[in-house]
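Structure at a glance
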Amino acid sequence: PYGGINRDVYLEFTSQEYINDLKIITTHKGYLNVEANITSSKPCEVIFRLRDKDLKEIFIAKAQCVNGKSSIETTLANVIPWEPEKPYLYTLEAELIVENQVVDSVEEYIGFRSVSIADGKILINDKPVFLKGFSRHEDYPVTGKYVPGSVLVRDFYLMKQIDANSFRTSHYPYSDEHLDLADNFGMLVILEAPISAFSL
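Remember, it's a predicted structure, so these values are computed and weren't measured experimentally. Along each chain, residues carry numbers from 1 onward, in the same order as the chain's sequence is written. For this predicted model, a pLDDT threshold of at least 70 governs which residues receive local features, and a threshold of 80 or more governs which side-chain atom pairs are given and counted, while totals over whole chains, interfaces and linings are taken from all residues. Side-chain descriptors were evaluated using all non-hydrogen atoms of the structure, hydrogens and water having been removed beforehand.

1. Topic: unusual backbone geometry
Trans is the common state for peptide bonds, and a negative phi is the common state for residues other than glycine. Selection rule: Every helix listed is a DSSP run of H or I at least four residues long, and every strand listed is a run of E at least two residues long, numbered separately from the N terminus. Only protein chains enter the accessibility calculation, which uses a 1.4 Å probe. A residue is then buried if its area is under 20% of the maximum for its type, exposed if over 50%, and partly exposed in between.
The phi dihedral of Asp-126 falls on the positive side, at around 70°, and the residue is not glycine. Structurally, the position occupied by Asp-126 is in the loop between strand E9 (121–124) and strand E10 (127–128). The phi torsion at Asp-163 lies on the positive side, around 70°, for a residue other than glycine. Along the chain, Asp-163 turns up in the loop between helix H1 (149–161) and strand E12 (166–168). The class of Asp-163 is partly exposed, set by a relative accessible area of 48%.

In structure tokens, the structure reads:
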């Protein structure tokens, strides 16, 4: 077993008013629901923006903060769905406004997709998908449980070369970098529970 801190550690400085977290729900038909969890002792609002791959703004909305939350819900026309063969991602921006000033902002890459099960089949965007892949371990001989970005990119290109479209994780949460690359490469991920148990 490896010991110590396995991955990069970040210390983030914010003002006293900031965005704690974003909860995002989408479907391949353009449904978008975003809830921002806010820490603020002052009246505030959040501006939500959605940009396409060319960074063109295709949606903007403003919502007040109520009981530490700010949310929007809409259905957009003509979105490009995320699919394993065509993993199209949008950029969602959330800006926290306090006293007419932007005090915090968060950016996330999102895809419009739906996952369901019907008649014993896994459906992506209402179409059946056949999973072609394997289990992956997140480790590397030189760096232990931390897998450098260049190694991850190489691995994803190798997986695509053998026509894989999915993989299953092992024992613990994978890095955001790992899962973001899966989104970019059109890989479906079966996540393990965030716990590792061994019997002796």
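2. A few points about a nonpolar patch on the surface
The following threshold applies: Patch criteria: residues need more than 30% relative accessible area and no salt bridge. Like-charged residues are merged within 9 Å; nonpolar side chains of Val, Leu, Ile, Met, Phe, Trp and Tyr are merged within 5 Å. Per-residue accessibility takes into account occlusion by the displayed protein chains alone, with areas from the Shrake-Rupley method and a 1.4 Å probe. Note on definitions: salt bridges are taken to be side-chain nitrogens of Lys or Arg within 4 Å of carboxyl oxygens of Asp or Glu.
Taken together, the side chains of Val-115, Ile-117 and Ile-122 define a hydrophobic patch exposed on the protein surface, amounting to about 300 Å² of accessible area. Structurally, the position occupied by Ile-122 is in strand E9. The partly exposed category is assigned to Ile-122, whose relative accessible area is 32%.

3. Concerning a negative patch on the surface
Which entries qualify depends on this criterion: In this tally, Asp and Glu contribute negative charge and Lys and Arg positive charge; neither His nor the terminal groups of the chain are included. Charged side chains are reduced to one point each, which is NZ for Lys, CZ for Arg, CG for Asp and CD for Glu.
Where like charges cluster on the molecular surface, the negative patch consists of Asp-8, Asp-21, Glu-107, Glu-108, Asp-176, Glu-177 and Asp-180. Of all elements in the fold, only strand E7 (101–110) and helix H2 (176–185) reach the threshold of two or more residues within the negative patch. Of all the elements, H2 adds the most residues to the negative patch, at 3 residues. One can find Asp-176 in helix H2.

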